[in-house]
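The residues making up each chain are set out below.
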Amino acid sequence: MNWLNSEAFTLFGQRIIWSDMVGNILGLITLALGWRRSLWTWPVQFLSGLVLFAAFYGHLTGSAGKQTVVMAVALYGWWQWQRSKGGSADGHIAPRFATWRERAAMLGTAAAGTVAVALLFTAYPSLSWDPWPDAYIFVGTVVAMYAQAKGMVEFWIAWLLVDLVGVPLNFANGYAFSGFVYVIYGALVLWGMRDWWLRSRRSPQPVLEGAPA
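Let me sum up the structure you'll find in this document. Position labels on residues start from 1 in each chain and follow its written sequence. Reporting of local features is limited, given that this is a predicted model, to residues whose pLDDT is at least 70; pairs of side-chain atoms are given and counted only at 80 or more, and all residues count toward the totals for whole chains, interfaces and linings. Heavy atoms from the whole structure form the basis of all side-chain values; hydrogens and water molecules are not counted.

### As for the pattern of salt bridges
Using the following cut-off: Only one rule defines a salt bridge in this text: a Lys or Arg side-chain nitrogen within 4 Å of an Asp or Glu carboxyl oxygen. The helix count covers DSSP runs of H or I at least four residues long, the strand count covers runs of E at least two residues long, and both are numbered beginning at the N terminus. Exposure classes here rest on a 1.4 Å probe applied to the protein chains alone. A residue is buried below 20% of its type maximum, exposed above 50%, and partly exposed in between.
Taken as a whole and judged by the stated rule, the model has four salt bridges. Here E154 ties to R103 by a salt bridge, and the two come within 2.8 Å at their closest N and O atoms. Remark: R103 occurs in helix 4 (residues 100–123) and E154 occurs in helix 6 (residues 154–172); sequence separation between them is 51 residues. Its relative accessible area of 12% is what places E154 among the buried residues. R199 is the partner of D195 in a salt bridge, and the nearest nitrogen-oxygen pair spans 3.0 Å. With D195 and R199 both in helix 7 (residues 176–202) and four residues apart, this pair spans about one turn of that helix.

Okay, structure coming up:
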């Protein structure tokens, strides 16, 4: 798999490596399929993680380890959407807004997770090239994927918050292709959020256990 870490081409003076390009193109396709609420979003997400795992394994163990988590969450997302499909009139999952309790839980998990992962990366520098922002992006990605698996509109907001750090960080660290893809991510996130927002207003909202009918 050494070819994954070789140069594909040069763009604006920046070296674009194969793993960066292939992994992020698959990530872009994943987001587009997520917008369409297609079950295929999860196999493509898993494949993206597998490509990056193969590229990092053996020399960037921390990055490879992060991809195993992403692949595990992708399997969970596929399972969730498989169970929930048919919730809307078009046969796909029905988007919904998270409850305030779910929002608080995700925010708390994101904050605590970022601190914990950043401290781990700081203690073991070989695991990360920039502990705090790397931890923020990693934990934010996992939280966004979890919210997406649950069909929550807020997953788009989580991706947008990841983009706000991911775009300048990728350019600053020489990952130009990732930076450009994150810009496109931002546009897709805004369109996707609008689409899910509108669909959530047309979909019947689930009744929580114990709540009055």
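### Section: the side chain of Q80
The condition that has to hold: The contact rule is simple, with two residues in contact once any of their heavy atoms fall within 4.5 Å.
Its location among the elements puts Q80 in helix 3 (residues 61–84). For Q80, a relative accessible area of 7% puts it in the buried group. In contact with Q80, other than residues within four places in its own chain, are A149 and K150.

### Brief notes about the packing of helix 4 against helix 5 (residues 131–149)
When two helices pack together, their arrangement is captured by the angle between the axes and the distance separating the axes. Note the following rule: Note on definitions: angles span 0 to 180 degrees between N-to-C directions of axes, and those axes are lines fitted to C-alpha atoms, for helices only across the stretch in contact. Crossings are assigned a handedness: left-handed for a near helix turned anticlockwise from the far helix by less than a right angle, right-handed for a clockwise turn. All residues other than Ala, Val, Leu, Ile, Met, Phe, Trp, Tyr, Cys, Pro, Asp, Glu, Lys and Arg, Gly among them, are scored as polar; the first ten of these are nonpolar and the last four charged.
Where helix 4 contacts helix 5, the two axes come as close as 8 Å, and the packing angle between them is 145 degrees. Like other packed secondary-structure pairs, helix 4 and helix 5 cross with a definite hand, here right-handed. Side by side, helix 4 and helix 5 meet where M106, T109, A110, G113, T114, V115, V117, A118, L119, F121 and T122 of the first sit next to P131, W132, D134, A135, Y136, F138, V139, V143, Y146 and A147 of the second. Grouping the amino acids of the contact of helix 4 with helix 5 by side-chain chemistry returns 16 nonpolar, four polar and one charged.

### So, the packing of aromatic side chains
Formally: Aromatic rings from Phe, Tyr and Trp, with only the six-membered ring used for Trp, were paired whenever their centres fell within 6.5 Å, and each pair was classed as stacked if the ring planes differed by under 30 degrees, edge-to-face if by over 60, and tilted otherwise.
A full pass over the atoms with the stated rule returns nine aromatic pairs. A ring pair is formed by W42 and W81, whose centres lie 5.5 Å apart and whose planes are at 85 degrees; its orientation type is edge-to-face. Linking W42 in helix 2 (residues 41–56) with W81 in helix 3, this pair joins segments that are 39 residues apart in sequence. Of the residues examined, W81 reaches a relative accessible area of 1% and is grouped as buried.

So far we have only geometry, and geometry alone does not tell us how the molecule works.
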